[in-house]
Amino acid sequence: MRRNFLIVGFFTLVLIASKSIAEAHLSLSSLPFLRGGYIAFAPSATKPLLEKKQRPARPVLFGLVNLQRTINVIGNKIQSQTTKQWSDLNGNVGREWGKLTSSIGKVFSSQQREGTRKLDEVLRAFNSVLNGSEVDTAQLLKACRAHLILMKSGGAALRVVAKDMETNLNKAESLFKKLPKEGKHLASLLEAERASGIHDGNMLKDASAAMGLLWIRRSLAFQLDLYSSLIPSNGQHPKDAAMDAYYKALSPYHGWLLQKAFPLSLSQMPDRQVFIAKFGGTEVDDLDEEYEKEIVKKLKSLVGTWEPIINTWRNEFERLDLEDTRRA
């Protein structure tokens, strides 16, 4: 590059010198003579002199023109190659950036799937509980056990509900382990236990599977109303929704002590965003709009799955006259 500049500079100086020489010869006809006169040249003598002196400048000019054209060609090639390289670079950067953002998206999506794993397991388990008009006992107990894990991850607000549900789940599982064939369906399990004479009419024995399943059903009915309130973004505050659900599903069967203790635990209910984040296995600060919609959609599916199960469950208890309405 430096050599090219030197060549251009050299030819430029040559052009300037040639031009100066030519102009000097052209001006001889008007230069003042040393003795005061002007020198005169005949037109025929002057023309050949000018032509003779101008001829050396023409090859220089021709060379400079060719040099300029060569420089332009080289410059155009450099510009073309630079543009192509820059375009290729932009394309490569764009592709790599696309790969990077795609990888980040996959990682984040994977983290979200892991966050809703517990909720997904509960939803899948309850989807297999109802077979036509029959409740599959093994699948019901499995679904309740999975839901118990989800409830424990919901924070202090559901701790009392989870503890009560676990106690009752143990009662039901204990009988089912003894009568796996007879208790294949919920109705047959309840009938087998009633036939043993363990109950006094519709007054269920406290340690029985029927008593455990009765309170599990009431707990799920309470949670159905609570989770339904989380679906709309402008719904009730979870604390208010929990109290309404409690008075509807549980309070009629609670004695004085439980009616005081249970609402106290429900008063710790966090706001909707925190509640949803808990079920999504994330912090509320990491809960974006898209992930919130995903969790709410799954909660809505869970609530929709529970409703026919709970109705069938209740119908079986009423048909077998096992709906114990005494206060605990």
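Just so you know, these numbers come straight off a predicted model, no measurement behind them.

**Observations concerning the layout of surface pockets**
Then, number 1: Volume-wise, the largest pocket comes out at about 340 Å³.
Then, number 2: If you trace the largest pocket, you find 20 residues lining it, with Asp164, Asp206, Trp215, Leu258 and Ala328 closest to the centre.
Then, number 3: Where the lining of the largest pocket is concerned, the elements lending two or more residues are helix H6 (159-178), helix H8 (209-228) and helix H10 (256-266).
Then, number 4: With 6 residues, H6 is the largest single contributor of residues to the lining of the largest pocket.
Then, number 5: Class assignment of the residues belonging to the lining of the largest pocket gives a composition of 8 nonpolar, 4 polar and 8 charged.

**A short note on the packing of helix H5 (residues 137-152) against H8**
Then, number 1: Remark: H5 packs on H8, axes separated minimally by 13 Å, with the N-to-C direction vectors making an angle of 50°. The orientation of H5 relative to H8 falls into the category oblique. As for the relative orientation of H5 and H8, their crossing is left-handed in sense. Along the contact surface, H5 presents Leu140, Leu141, Cys144, His147 and Met151, while H8 presents Leu213, Ile216, Leu220, Gln223 and Tyr227.
Then, number 2: Here the contact of H5 with H8 is built from residues that sort into 8 nonpolar, 2 polar and no charged.

**Comments concerning the packing of aromatic side chains**
Then, number 1: Counted according to the given criterion, the structure contains 8 aromatic pairs.
Then, number 2: Taken together, the aromatic side chains of Phe126, Tyr227, Phe275, Phe279 and Trp306 make up a single cluster linked through ring pairs.
Then, number 3: Over the aromatic face of Phe317 sits the side chain of Arg217, whose NZ or CZ is 5.7 Å from the ring centroid.
Then, number 4: Over the ring of Tyr253 we find Arg218, and its NZ or CZ is 3.7 Å from the ring centre.

Calculation notes
- Residues numbered from 1 in each chain as written.
- Predicted model: local features only at pLDDT ≥ 70, side-chain atom pairs only at ≥ 80, totals over all residues.
- Heavy atoms only, no water.
- 1 Å grid on protein atoms, 1.4 Å probe; cavity = no way out; pocket = protein on both sides within 12 Å on 5 of 7 lines; lining within 4 Å.
- Points joined across faces, edges and corners; volume = space filled by probe spheres on them.
- Helix = DSSP H or I, 4+ residues; strand = E, 2+ residues; numbered from the N terminus.
- Nonpolar A, V, L, I, M, F, W, Y, C, P; charged D, E, K, R; others polar.
- Axes fitted to C-alpha atoms, helices over the stretch in contact; angles between N-to-C directions.
- Parallel < 35°, antiparallel > 145°, perpendicular 65-115°, else oblique.
- Left-handed = near helix turned anticlockwise from the far one by under 90°.
- Contact = heavy atoms within 4.5 Å.
- Phe/Tyr/Trp six-rings, centres within 6.5 Å; stacked < 30°, edge-to-face > 60°.
- Lys NZ or Arg CZ within 6 Å of the ring centre and 35° of its normal.

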